[in-house]
Amino acid sequence: MRIATARNVGICLVAGALVLSMGACTKKSETAASSAATATSAADLGGMDALIAAAKKEGTLNLMALPRDWAGYGELMDNFAAKYGIKVNDDNPGASSADEINAIKSLKGQDRAPDAVDVGTSFAISGAKEGLYAPYKVTGWADIPDSQKASDGTWFADYGGYMSIGCDAAKVQVCPTTIADLLEPQYKGQVALSGDPLKSNSALMAVWTSALANGGSADNIQPGIDFFGKLKAAGNFVPVKATAATVQSGETPIIIDWDYLNAGIAQTTANSGAKWTVAVSTDASIGGYYAQAISKTAPHPAAARLWQEYLYSDEGQNGLLKGFARPVRLPAMQKSGKVDPALAKVLPAASDKPVYPTDDQAAKAKDTMTQTWANTVK
Amino acid sequence: MSSSVRSARALKWLGLVPFLAYVGVFFLLPTGVIVYSAFQVGDSGSTSFGTANVASALQGAYLTGLKNSVVLSLVVAIIAAALGIVLAQAIVSGRGQLLQRAVSTSAAVLANFGGLPLAFLFVAAIGNAGVLTKLLQDHLDISLRDDLHLDLYSQAGVQFVYLYFLVPLMVLVITPALEGLRPEWREAAESLGAHGWQYWRYVAGPALLPHFLGSVALLFCTSFSSFATADALTNGTLAITPLQIESAVSGNVLVGQENLGAALALNMIVVVVPLTLLYQYMQNRTSRWLQ
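All figures in this text were calculated on a predicted structure; none of them were measured in a lab. (Residues numbered from 1 in each chain as written. Chains lettered and ligands numbered in written order. Predicted model: local features only at pLDDT ≥ 70, side-chain atom pairs only at ≥ 80, totals over all residues. Heavy atoms only, no water.)

1. Let's talk about the overall build of chain B
Looking only at helices and strands, one finds 12 helices and 2 strands in chain B. Shown N-terminal to C-terminal, the secondary structure of chain B runs as helices and strands in the order α-β-β-α-α-α-α-α-α-α-α-α-α-α. Along the first, second and third principal axes, the C-alpha atoms of chain B reach 85 × 75 × 30 Å. In chain B, buried positions account for 40% of the 291 residues. Taking contacts inside chain B between residues at least 6 apart in sequence as the whole, the part at least 24 apart equals 70%. Taken as a whole, chain B presents about 15600 Å² of accessible surface, with 68% of it coming from carbon and sulfur. Looking at chain B, you have 13 positive and 13 negative side-chain charges, and the mean spots of the two groups are 21 Å apart. (Helix = DSSP H or I, 4+ residues; strand = E, 2+ residues; numbered from the N terminus. Buried < 20%, exposed > 50% of the residue type's maximum accessible area, 1.4 Å probe, protein only. Contact = heavy atoms within 4.5 Å. Areas by Shrake-Rupley, 256 points an atom, 1.4 Å probe, with all protein chains shown as cover. Lys, Arg positive; Asp, Glu negative; His and termini not counted. Charge placed at Lys NZ, Arg CZ, Asp CG, Glu CD.)

Here it is, written out as structure tokens:
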């Protein structure tokens, strides 16, 4: 065994010298990995205990694009690492869904490739089509609504939320609760988005919510674009990328964003005198989910599967709730009484049934956005 | 030819190898990849040769983006060049050694200060809740946006911010040329009865012109390829090609648009390459005068 290892090291050194074959050094614990790499449930590996043992043996979990202040991920990663003694690498926390897909492709075969990804649903669907994900069904699989998962287990929604209006009550006299309110002259120079709607999904959804409030529909985002054109012309729309820092400086006292991200801002700005309130817009709201998927070429396949089991466990789902996201098993857990009651209370109330755009509708909306956004809102 | 001469020559070429490797890996290869992917159509699974991406990169919003990029860069390059040359001349003809050194050092620093930090610096200073905005509003009752028409979050605002690093860049690149104007030329011109403006019109101007045009080309390229500042300040409401490339290749919204991004990058290459060549050519012409 030791001799074999020594030889591998030698091969790796040669390969390293040649630089080109980066993948050659990474094939370790082949036998343990291969059974985990094809397991589609914990039972396939002989139950949770066997999965935990296999994951501990791998010892590492590569994740990426998870900001620590996003949906409680920081604490979840820490708790997972402590609970199972597995080192969690969170590579490039600010990366986008597109970056995650690229990483699966470009780092394929390397030790540092991502094991599991957290992506927008359109990237979950496109990645599954390209065959990038390994099918897996977590223990709580039945609790996930059919519309929020791929039937073969290649991806499954983990948490979501509703479009909301965050507002600093310390700077704004009356906080807006509807999209229509935003056009009022009192909000001049105050309304912002958290990103460029051509790049940021949450910003796109904010525009789409505005469409719903202005006679548009899931099939028609144009009224939302026109609404932002009016906001900009009226001087209400501040096209700076809103962050907790711009909230603290007073530059963006009103932000349209997911309720869980707005709720996060409330926490990070509380010390600086901001009174951040979050309201799910009452005239229209869009709901959206992020999805988990395991990379087919994960260097740590067992750890990737254990991470999914952890995220979808009661503990993991309550952890997401603690980050103000609405975990996908929330309704089921409310029934079974497994929800931490203190946590469920902090979520802003959602009055109406929100709209969930389908992927085809999203593709159409993005097409319209690309063509007309910059020409309308200038 | 003796073998020692031959090996000496071979050794000279060997010295070039790192440079050629550098150019190959960091310039030729990426350019090749961009051109190749710009002409690929279809999903990443099954692609084929086609011109669809290149065609759509020259239509609709993308054509507008390219036009905006060119106009924005041209405007700021010309303004920065004009301001920069005046400033540089003032420094060169001034007597303060210390001032000269201080200005050229800070120009070197400021010319490299860009991106997000610069954007937020301006947001903090003249944004809607900026320090200067508030000061003017509270003490002089002047609104930056309504009275002075300075809206940071517009194309004009972005141009204003770009000047912050383009003017120092102009000072950096034009100062050597101004220093190269020999005092004897002026004395000769004056002894022949030339007035100040005649000296500039017939002697200094023509000697400087190639370098000046080259500098404008350099400023244009710098502004043309800048994007982080504009990104932070306009959030996609300003259509310029670099931002469109970013949304095509790296974002949470558009799926599978990488090849379109390559086509847009190809547009930029087509605009920049002639300007780079112009810059090189002008540099060569200038060096004839200013040695």
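Next comes the rest of the write-up.
2. Points about the interface of chain B and chain A
In this complex, chain B contributes 34 residues to the contact, which on the side of chain A involves 40 residues. Between chain B and chain A lies a buried interface of about 3000 Å² when both sides are counted; carbon and sulfur atoms form 51% of it. Aspartate 231 of chain B serves as the salt-bridge partner of lysine 199 of chain A, at 3.3 Å between the closest nitrogen and oxygen. Along the contact surface separating chain B from chain A lie 14 residue pairs in polar contact (both at pLDDT 80 or more). Sorting the residues of the side of chain B that touches chain A by element identifies helix 3 (60-93), helix 5 (115-126), helix 10 (228-234) and helix 11 (241-249) of chain B as the ones contributing at least two each. Its residues assigned to classes, the side of chain B that touches chain A shows 14 nonpolar, 14 polar and 6 charged. (Buried area = accessible area lost by both parts, 1.4 Å probe. Salt bridge = Lys/Arg side-chain N within 4 Å of Asp/Glu carboxyl O. Polar contact = N/O pair within 3.5 Å; in protein donor to acceptor, adjacent residues only side chain to side chain. Nonpolar A, V, L, I, M, F, W, Y, C, P; charged D, E, K, R; others polar.)

3. Observations concerning the side chain of lysine 149 of chain A
Residues and elements named next belong to chain A. Summarising the element assignment, lysine 149 is placed in the loop between strand 4 (133-134) and strand 5 (156-168). A distance of 2.9 Å separates a polar side-chain atom of lysine 149 from the backbone oxygen of tryptophan 141. Residues contacting lysine 149, with those up to four places away along its chain left out, are Trp141, Ala142, Ile144, Trp155 and Phe156.

4. Let's talk about the pattern of salt bridges
Residues and elements named next belong to chain A. Tallied over the full model, the rule gives 15 salt bridges over all chains. Aspartate 168 is the partner of lysine 171 in a salt bridge, and the nearest nitrogen-oxygen pair spans 3.6 Å. Taking the relative accessible area as the measure of exposure, aspartate 168 reaches 1% and is therefore buried. Ionic pairing is found between arginine 329 and aspartate 314, a salt bridge with its closest N-O pair at 3.1 Å. A residue pair is termed long-range when its members are at least 10 positions apart, and arginine 329 in the loop between strand 10 (326-327) and helix 13 (330-336) and aspartate 314 in helix 12 (residues 314-322) qualify at 15 residues.

5. A short note on the packing of helix 7 (residues 201-213) of chain A against helix 15 (residues 359-376) of chain A
Residue and element names in this part refer to chain A. At a minimum axis distance of 11 Å, the contact between helix 7 and helix 15 shows a crossing angle of 90°. When the interaxial angle is binned, helix 7 and helix 15 end up roughly perpendicular. Of the residues in helix 15, those touching helix 7 at Leu204, Val207 and Trp208 are Gln361, Ala362, Ala365, Lys366, Met369 and Trp373. (Axes fitted to C-alpha atoms, helices over the stretch in contact; angles between N-to-C directions. Parallel < 35°, antiparallel > 145°, perpendicular 65-115°, else oblique.)

6. Quick word on the packing of aromatic side chains
All told, the structure shown has 26 aromatic pairs over all chains when counted by the stated rule. Seen in terms of ring centroids, tryptophan 70 of chain A and tyrosine 260 of chain A are 6.3 Å apart; in terms of plane orientation they differ by 70°. Their pairing is edge-to-face. Placement of the pair is tryptophan 70 of chain A in the loop between strand 1 (60-64) and helix 4 (73-84) and tyrosine 260 of chain A in helix 10 (residues 259-269), with a sequence separation of 190 residues. Relative accessible area serves as the criterion here: at 1%, tyrosine 260 of chain A is assigned to the buried category. Here the aromatic rings of phenylalanine 39 of chain B and phenylalanine 49 of chain B are separated by 5.8 Å at their centres, their planes lie at 15°, and the arrangement is stacked. Pair noted here: phenylalanine 39 of chain B is in the loop between helix 1 (3-38) and strand 1 (40-41) and phenylalanine 49 of chain B is in strand 2 (residues 48-49), with a separation of 10 residues, a long-range link. For phenylalanine 39 of chain B, a relative accessible area of 22% puts it in the partly exposed group. (Phe/Tyr/Trp six-rings, centres within 6.5 Å; stacked < 30°, edge-to-face > 60°.)

7. Examining the side chain of asparagine 235 of chain B
Here asparagine 235 of chain B lies in the loop between helix 10 and helix 11. Beyond its immediate chain neighbours, meaning those up to four positions away, asparagine 235 of chain B contacts Leu193, Gly195, Asp196, Pro197, Pro239, Val240, Lys241 and Trp373 of chain A together with Ala230 of chain B.

8. Describing the environment of valine 207 of chain A
All names here are of chain A. Relative to the helices and strands, valine 207 resides in helix 7. In this structure the C-alpha to C-alpha distance between valine 207 and phenylalanine 227, which are 20 residues apart in sequence, comes to 8.3 Å. Residues within four places of valine 207 in sequence aside, it is in contact with Leu193, Pro197, Ile221, Gly224, Ile225, Phe228, Met369 and Trp373.

9. Section: the confidence of the model for chain A
Mean pLDDT over chain A works out to 85, with 90% of the residues at or above the 70 mark. Per-residue pLDDT stays below 50 along residues 1-33 of chain A; that stretch engages in 12 contacts with residues further than four places along the chain or on separate chains. (pLDDT = per-residue confidence, 0-100.)

10. Concerning helix 7 of chain A
Residues and elements named next belong to chain A. End to end, helix 7 covers 18 Å across 13 residues, agreeing with the expected 18 Å (1.5 Å per residue, within 8%). The buried fraction of helix 7 is high, at 12 of 13 residues. Among the residues making up helix 7, those that are buried are Asn201, Ser202, Ala203, Leu204, Met205, Ala206, Val207, Trp208, Thr209, Ser210, Ala211 and Leu212. For helix 7, the secondary structure elements touched by its buried residues are strand 5, strand 6 (191-193), helix 8 (222-233), strand 7 (254-258), strand 9 (287-295) and helix 15. (Expected span 1.5 Å × (residues − 1).)

11. Focus: the packing of helix 8 of chain A against helix 15 of chain A
Axes are the key here: two packed helices are described by the angle between their axes and the distance separating the axes. Residues and elements named next belong to chain A. Between helix 8 and helix 15, the shortest axis-to-axis distance is 9 Å and the interhelical angle comes to 15°. Accordingly, the angle class assigned to the pair helix 8 and helix 15 is roughly parallel. Crossing handedness for the pair helix 8 and helix 15: right-handed. Counting all contacts with helix 8, which are made through Gln222, Ile225, Asp226, Phe228 and Gly229, the residues of helix 15 involved are Thr368, Met369, Thr372, Trp373 and Thr376. Across the contact of helix 8 with helix 15, the residue classes tally to 4 nonpolar, 5 polar and 1 charged. (Left-handed = near helix turned anticlockwise from the far one by under 90°.)

12. Quick notes on the environment of alanine 188 of chain B
Residues and elements named next belong to chain B. Locating alanine 188 in the fold gives a position in helix 8 (residues 183-191). By relative accessible area, alanine 188 is classed as partly exposed at 38%. For the pair alanine 188 and aspartate 138, spaced 50 residues apart in the sequence, the C-alpha separation amounts to 56 Å.

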